[in-house]
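Breakdown of the fold
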Amino acid sequence: MQRRTLLAGSCAGLLATMTATRLAFAQAPTQNRFVFVFLRGALDGLHALVPYADADFRRLRPRLAQAPDSVLDLDGYFGLDAALAPLLPWFQAGELALLPAVATRYRERSHFDGQALLENGTASPSGARDGWLNRAILALNAGDRRLGLALGPSVPLILQGAAPVQSWSNEHLPDLDEGFLSRLGIVYRGDPAFDAAFRAAQGTPQPDLSGMAEGTDNFTFAARAAGDILAHDAGPRIAVMQIDGWDTHVNQTGRLTNQFARLSEGLLMLRQSLGAAWGQSVVLVASEFGRTVAENGAGGTDHGTGGLAMLAGGAVRGGRIVGDWPGLSDRALHEGRDLAAPNAIEALFKAVLIGHMGLSPALADSVVFPGSAGIAPLEGLLRA
Amino acid sequence: MRSAATFTALNRFGLGAGPGDDARVGSDPQGWLAAQVGASPLPDLLAPFRSADAILTGINAARNSGGGEARALATQAAMQDDYRPELLARAAQFVTAEAALTERLVLFWSNHFTVSTARRQIAAAIPAYEREAIRPLVYGRFADMLRAVVRHPVMLTYLDNPFSLGPDSAEGRRRQSRGAGAVTLNENLAREVLELHTLGVDGGYAQDDVIQFALALTGWSHGGLRRGDADEAHGRFLFVAPQHQPGPKRVLGRLYPESGEGEGLAILDDLARHPSTAQHLATKLVRHFVADAPPPEAVAQIARLFQDTDGDLAEVTRALIALPQAWADPLAKVKSHHEFLIAVHRAGGQGAPGPQHYIAPLRLLAAEPFSAPSPQGWGDTAAHWLGPESLMIRVEWARHFAGRLGTLAARQLMEDSIGAVSRDVTRTWVYRAPSQDAGRAMVFASPEFQRR
């Protein structure tokens, strides 16, 4: 049997006491899918969506700026780094929108506080102890159906909270037998934290990973699993994936070339494994903040402000670079060093949650992103 | 196990309870712990290993003679010959130490001053870094540990400082003459020392302080980066004057006149004494030894003592042991993945674990030693360690490992490891287990065992 599945009928006496096994395969509030991909470590957005035709860009990055003819032009000013070439067809097909110069309400430069804000959805690192996606799931269906899926062995803050979520990781240990699981469920009942984690683990769907080669990158593995699980009618609707390795203080070009290849490969796998559900999907890629516009002395960049978000999927009205662009002149830079961030990332999150997942705008402003009523959802990002 | 206090002494302050531990703790758990405070001599198990200097010198010399490929090969060899054997010896020390307070403190401070094998240049020397800069000082002055850590080639490299050039230094001018507008300063080390190691993110510093501190630290490097003769390939701290920004620096309102290497030392000493540092460290320590939500009065008490004793970590440790709040709820904390594995091995009584029962499960849990995803280190609350997937991996591994413990009786295991805090429901289902190994697995999987 599959280790996370406790089948009714066996160990009936014990199971009668285990309400956790009632896996809610109830009607989901929506057929739409949302995948959040978190690039931890602060992606240098300017290295991905390159303002290659900008003289200031070349001036501030004498060593780091890509050769103009290597950049994949999008609109004569911006282009994609060559290592993101696999995503170019998405942009051309209108399934990829790019939002540069974007940030949370955070304006300091700590990874950890920056990540906390991006995940807790408030205006302060300690503003909430749960994640905005978890609050959104509660708001969508009061949490009685496990809509959320974390890829990896731990649940990131963005998905932590009162709504139980599922999780999946790529590990190989012998399955537990049903009797042991049943007894364990009883032992955990008196400890709310263990009880909740255990209940959430039950019935996690097992994706089909056939054909995946040994040695495939973890992110691609996770993307395959995420797409496969989300594609099920009865499966979760919202997944969170993450890739580390974006904190490029040193040797940025080599490291980002590698990272972009990993990201592209994983996103392509996600699309493939979502199958027909791709048409109902939005994939949002974001990082905690951006990096300095000028290169540093080590072929890298340091912590900055304005970053880059990407929105992909069959439900996206893409092929566009959206939002305001502040430019790179000395006067335009935030504190004289960072790309400014005229675009609020919460506006993007709200657009997806309201327009794609059906969240009420009032709850988005008050509960999911408290104190954000002044930030309106970005319009026009989704296909009708 | 005679009392909940025994459980607390062995788990909250130690690394788990095994056969014979109850008798060792005796009738005065607090006294037993207090007697461990004072010295942290190098354990015999860690005596055979090379210094970071020797390890890094070997790698640097290989690069100087054979270039990048030779360096990669030398790094690989050092991971095999230095890193991995010491990692396993260190695990053996955690599992077999009879008085494990020192081991817990080593792990706490090592996590506070996190470095990661993701930075390949220094990966092989990371256990040596912990052995040299942290272990000997867990009962010393915090200022001394801070200095030892920040000057260590492993931390300097992990946080990119050797590449940081003062814009007006000789090297910085040279860089700028080659590319106009080039930024030469790297703020990483200065920022993380302020945010993570000392004041804390709300400790009252601004971006200007980060920059000024980073300028003061320019030139803090190590021998390995100089491609000179053999002597310059060493892996020890080196102040490289041509990288150092000349002139006075102002950090947190205080002016530090130009004194080369001395500026960074003076600033570090002042940071170690700053009230925000006392508050930040007290909060982390009380979170570690009392509860995920640290009681403010306990934090205030530890912070005050930290300041009054000029950061004497022996006194601070004694005060943590004496906190009534630390003994109030023996199950307040959830063990980290690493703590859980060590505790299983201590309880199992089979001695030092092989890599397949230590590194392999930690890899499944995405928690291999020295692989924290950021300089912040691993988290220290239940939310970090108790996810659905990670709980099931812990249980599955424990179920698997429980089958390898020979004739160890499940009831005996339960008495030795969680006896005084075990709940009726746990006792019932250990007693009713269909086999000894299923019973042992139930002990390991129980909330009592996974808490501390």
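Not measured: the values here are computed from a predicted model.

**Side note on the overall build of chain B**
Of regular secondary structure, chain B possesses 24 helices and four strands. The C-alpha atoms of chain B give 23 Å as radius of gyration, which agrees with the globular expectation for 452 residues (22 Å, within 12%). Its C-alpha atoms put chain B at 80 × 50 × 35 Å along the principal axes. Within chain B, the fraction of its 452 residues that count as buried is 62%.

**Overview of the pairing of strand β8 (residues 238-243) of chain A**
Residues and elements named next belong to chain A. Most of β8 sits inside the fold, with five of its six residues counted as buried. As paired strands, strand β1 (residues 33-39) and β8 are joined by six bridges and run parallel to one another. Among the inter-strand pairings, Val37 is bridged to a residue of β8, identified as Met241. Note: strand β6 (residues 148-151) against β8, three bridges, orientation parallel.

**Some points on the nonpolar core**
Ranked by internal contacts, the top residues of the largest apolar core, which has 153 residues, are Trp109, Phe113 and Phe213 of chain B. By residue number, the principal contributor to this core is helix α4 (residues 52-96) of chain B, which donates 13 residues. Judged by nonpolar contacts, the second largest core, of 47 residues, contains Trp90, Ala239, Ile243 and Leu263 of chain A.

**A closer look at the packing of helix α21 (residues 410-418) of chain B against helix α22 (residues 424-431) of chain B**
All names here are of chain B. Where α21 contacts α22, the two axes come as close as 9 Å, and the packing angle between them is 155°. In terms of orientation, α21 lies roughly antiparallel with respect to α22. As α21 packs across α22, the resulting crossing turns out to be right-handed. For the pair formed by α21 and α22, the contact residues are Ala410, Arg411, Met414, Glu415 and Ile418 on the first element and Thr426, Arg427, Val430 and Tyr431 on the second. Grouping the amino acids of the contact of α21 with α22 by side-chain chemistry returns five nonpolar, one polar and three charged.

**A few points about helix α1 (residues 4-11) of chain B**
Residues and elements named next belong to chain B. The element α1 is largely enclosed, with a buried count of six among its eight residues. For α1, the set of buried residues is Thr6, Phe7, Thr8, Ala9, Leu10 and Asn11. Its buried side turned inward, α1 meets α2 (21-25), α3 (29-34), α5 (101-112), α21 and α24 (447-450).

**A short note on the pattern of salt bridges**
Taken as a whole and assessed by the stated rule, the structure comprises 46 salt bridges over all chains. Note that Glu187 of chain B and Arg337 of chain A form a salt bridge whose closest N and O atoms lie 2.7 Å from each other. Of this pair, Glu187 of chain B sits in the loop between α10 (170-178) and α11 (188-197) while Arg337 of chain A sits in the loop between β11 (320-321) and β12 (343-344), which puts the two residues in different chains. Owing to a relative accessible area of 7%, Glu187 of chain B belongs among the buried residues under this scheme. Put simply, Arg363 of chain B and Glu368 of chain B hold a salt bridge, and the shortest N to O gap is 3.2 Å.

**Notes on the confidence of the model for chain B**
Per-residue pLDDT for chain B averages 94, and the proportion of residues at 70 or more is 98%. Confidence metrics for the complex model read pTM 0.78 and ipTM 0.94.

**Side note on the packing of aromatic side chains**
One pass over the full model with this rule turns up 27 aromatic pairs over all chains. Measuring from centroid to centroid gives 6.1 Å for Phe113 of chain B and Phe142 of chain B, while their planes differ by 20°, and the two rings are stacked. One end of the pair, Phe113 of chain B, is in the loop between α5 and α6 (120-123); the other, Phe142 of chain B, is in helix α8 (residues 142-150), and 29 residues separate them in sequence. For the pair formed by Phe113 of chain B and Phe142 of chain B, the shared burial category is buried. Ring pairing ties together the aromatic residues Phe36, Phe38, Trp132, Phe349 and Phe369 of chain A, which thus form one cluster.

**Some words on the sheet that holds strand β2 (residues 49-50) of chain A**
Residue and element names in this part refer to chain A. Here three strands make up an open sheet; going across it, the order is β2-β4-β3 and the pairing antiparallel. Strands at the two margins of the open sheet, each flanked by one partner only, are β2 and β3 (72-73). Note: β2 against strand β4 (residues 79-80), two bridges, orientation antiparallel. Counterpart to Leu49 in the pairing with β4 is Leu80.

**Considering the side chain of Thr198 of chain B**
All names here are of chain B. As for its placement among the helices and strands, Thr198 is situated in the loop between α11 and α12 (207-217). Look at Thr198 and you get buried, because its relative accessible area is 0%. In this structure Thr198 touches Phe142, Leu146, Val193, Leu271, Ser276, Thr277 and His280, once residues within four positions along its chain are discounted.

Reading the values: the criteria
What you see as residue numbers is a count from 1 along each chain, following the sequence as written. Starting at A for chains and at 1 for ligands, labels are handed out in the order in which the entities are written. Local features are withheld for residues below a pLDDT of 70 in this predicted model, meaning they are given only at 70 or higher, and side-chain atom pairs are given and counted only at 80 or more; totals for whole chains, interfaces and linings count all residues. Side-chain metrics in this entry use all non-hydrogen atoms of the structure; hydrogen atoms and water are not considered. Here a strand is any run of E in DSSP of at least two residues, a helix any run of H or I of at least four, and the numbering for each starts at the N terminus. Taken over C-alpha atoms, the radius of gyration is set against a globule rule of 2.2 Å times the number of residues to the power 0.38. Here's how the labels work: a residue is buried when its accessible area is under 20% of the maximum for its type, exposed when over 50%, partly exposed in between, all with a 1.4 Å probe on protein chains only. Any two strands with at least two DSSP bridges between them are considered paired. Here, nonpolar core refers to any group of buried Ala, Val, Leu, Ile, Met, Phe, Trp, Tyr and Cys residues whose side-chain atoms link them within 4.5 Å. Every axis in this analysis is a line fitted to C-alpha atoms, fitted for helices over the stretch in contact. Angles between the N-to-C directions lie between 0 and 180 degrees. If an angle is under 35 degrees, it is roughly parallel; if it is over 145, roughly antiparallel; if it lies from 65 to 115, roughly perpendicular; otherwise it is oblique. Each crossing gets its handedness from the near helix: less than a right angle anticlockwise from the far helix is left-handed, clockwise is right-handed. Any two residues whose heavy atoms approach within 4.5 Å are treated as being in contact. Asp, Glu, Lys and Arg are counted as charged, while Ala, Val, Leu, Ile, Met, Phe, Trp, Tyr, Cys and Pro are counted as nonpolar; the rest, among them Gly, fall into the polar class. Between Lys or Arg on one side and Asp or Glu on the other, a salt bridge is scored when a side-chain nitrogen of the former is within 4 Å of a carboxyl oxygen of the latter. Every residue carries a pLDDT, the predictor's confidence in it, which falls somewhere between 0 and 100. Aromatic pairing here means that ring centres of Phe, Tyr or Trp (its six-membered ring) are within 6.5 Å. Orientation follows from the plane angle: under 30 degrees is stacked, over 60 is edge-to-face, and everything else is tilted.

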